[in-house]
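Single-letter residue listing:
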Protein chains: 2
Amino acid sequence: MVMDDQLTAVFAALADPTRRALLQRLTESDANVAELAAPFEMSQPAISKHLRVLEGAGLITRSRHATARFSHLEAEPLREATEYMEKYKRFWTKSFDKLDAALAAYTEQPHTTEEEENNA
Amino acid sequence: MVMDDQLTAVFAALADPTRRALLQRLTESDANVAELAAPFEMSQPAISKHLRVLEGAGLITRSRHATARFSHLEAEPLREATEYMEKYKRFWTKSFDKLDAALAAYTEQPHTTEEEENNA
DNA sequence: CTACTCTATAACCAAATGGTTATGGATGAT
DNA sequence: ATCATCCATAACCATTTGGTTATAGAGTAG
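Read on for a plain summary of the structure. In this text, all values refer to a predicted model and were calculated from it rather than measured experimentally. (Residues numbered from 1 in each chain as written. Chains lettered and ligands numbered in written order. Predicted model: local features only at pLDDT ≥ 70, side-chain atom pairs only at ≥ 80, totals over all residues. Heavy atoms only, no water.)

What follows deals with the relation of the copies chain A and chain B. If you rotate chain A by 180 degrees and push it 0.0 Å along the axis, it lands on chain B with an RMSD of 0.1 Å. Expressed as a symmetry operation, the mapping of one chain copy onto the other fits a two-fold axis. In this assembly the copies share their binding face: 95% of the residues contributing to the interface of chain A also contribute to that of chain B. (Least-squares fit on C-alpha atoms with pLDDT ≥ 70 in both. Contact = heavy atoms within 4.5 Å.)

Encoded structure:
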């Protein structure tokens, strides 16, 4: 993957159940790597890798405290990704399409048949 | 990737600029493969692959019409993914965190120092 | 300074991803 | 029937991904 933009990085980061679970955990509180790794059966380096991906997408920030490194949820990129997807809200129900077809039929040319509803 | 659930499939599908562009194109109208492939410099089989990924995520459905196969946007999975992300709305601004900290400080135990704000 | 704790990095591996070219299959037209 | 069109599939390839174990590094404690 070329990881072109922020959006790509965020969606790629979310496309993994482990990383989604890490984000979920971080909604409760900041946490160090050991805490984050505890619920999973995978190794600590694997969790560190996932955290790096999340950090790369801007979904978490990290800070030191003694030897521990705490992860902190940064949900702003999620907001941007949500905004992107909400552009498709108009298509979330078929009713909008049918409304469009009806409107088009009555404005462009009166008394069209139903064939126009199959746009191509 | 294990492609566990629908959410994983949808985010993985969105984690590619070409596929996002295909979805964008399909907001205008249904289209056959040749039309969809036209704006891109990649080969037709590459586009077919991307369409299969989108179909696998439930983001498009397909139908035949003569030799052509038309893709149709199905945005419902996007709605579900948006709902998932909106669970993080609460964390989209720092102000909520600070409000929480203030509330915790005043309800759990009066006159706490600022150290408690660093949750761990 | 040494030892310990917590985490990152290195090196490696299997599988998935995103692309290619070449070919095959289904459908419509002549 | 044959041919043309549109698309899918096969076979292949390079890169990325997600995991492993082993080791190194940064910080704290004694």
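Whether parallel or antiparallel, the strands of a sheet pair through hydrogen bonds between backbone atoms. All names here are of chain B. One open sheet holds the three strands; their spatial order is β1-β3-β2, and the pairing between them is antiparallel. Each of the sheet's edge strands pairs with one partner strand only, and the pair in question is β1 (31-32) and β2 (60-65). Inspection of the sheet shows β2 paired to strand β3 (residues 68-73) by six bridges, in the antiparallel sense. In the strand pairing of β3, R62 is matched with S71. Against the sheet, helix α2 (residues 17-28) makes contact with β1, β2 and β3, and its axis sits at roughly 90 degrees relative to β3, the strand it touches most. (Pairing = 2+ DSSP bridges. Helix = DSSP H or I, 4+ residues; strand = E, 2+ residues; numbered from the N terminus. Axes fitted to C-alpha atoms, helices over the stretch in contact; angles between N-to-C directions.)

Quick look at the packing of helix α2 (residues 17-28) of chain A against helix α4 (residues 44-56) of chain A now. Residues and elements named next belong to chain A. Remark: α2 packs on α4, axes separated minimally by 10 Å, with the N-to-C direction vectors making an angle of 75 degrees. Relative to α4, the element α2 lies roughly perpendicular. Seen from α2, the contacting residues are T18, R19, L22 and L23; seen from α4, they are I47, H50, L51, V53 and L54. Broken down by class, the residue content of the contact of α2 with α4 amounts to six nonpolar, two polar and one charged. (Parallel < 35°, antiparallel > 145°, perpendicular 65-115°, else oblique. Nonpolar A, V, L, I, M, F, W, Y, C, P; charged D, E, K, R; others polar.)

To continue, consider the sheet that holds strand β3 (residues 68-73) of chain A. Residues and elements named next belong to chain A. Strand order across the open sheet formed by three strands is β1-β3-β2, with antiparallel pairing between neighbours. With partners counted over all chains shown, the strands left at the sheet margins are β1 (31-32) and β2 (60-65), one partner each. Bridge count between β1 and β3: two bridges; the pairing is antiparallel. Each residue of the ladder has a partner; that of A31, found in β3, is S71. On the sheet, α4 packs against β2 and β3 and is oriented at approximately 120 degrees with respect to β2.

Bringing the interface of chain A and chain B into the picture now. The interface of chain A with chain B comprises 39 residues on the first partner and 37 residues on the second. Across the chain A/chain B interface, buried area totals approximately 3300 Å², and carbon plus sulfur atoms make up 60% of it. Interface area lost by chain A to chain B is led by A:R20, A:Y88 and A:W92, which between them contribute 19%. Joining chain A to chain B, the criterion identifies two salt bridges. (Buried area = accessible area lost by both parts, 1.4 Å probe. Salt bridge = Lys/Arg side-chain N within 4 Å of Asp/Glu carboxyl O.)

As a further point, take the packing of helix α1 (residues 6-14) of chain B against helix α5 (residues 76-86) of chain B. Residue and element names in this part refer to chain B. Between α1 and α5, the shortest axis-to-axis distance is 10 Å and the interhelical angle comes to 100 degrees. By the angle between their axes, α1 is roughly perpendicular relative to α5. Of α5, the residues touching α1 (which contributes Q6, L7, V10, F11 and L14) are P77, L78, E80, A81, Y84 and M85. Class assignment for the residues of the contact of α1 with α5 results in nine nonpolar, one polar and one charged.

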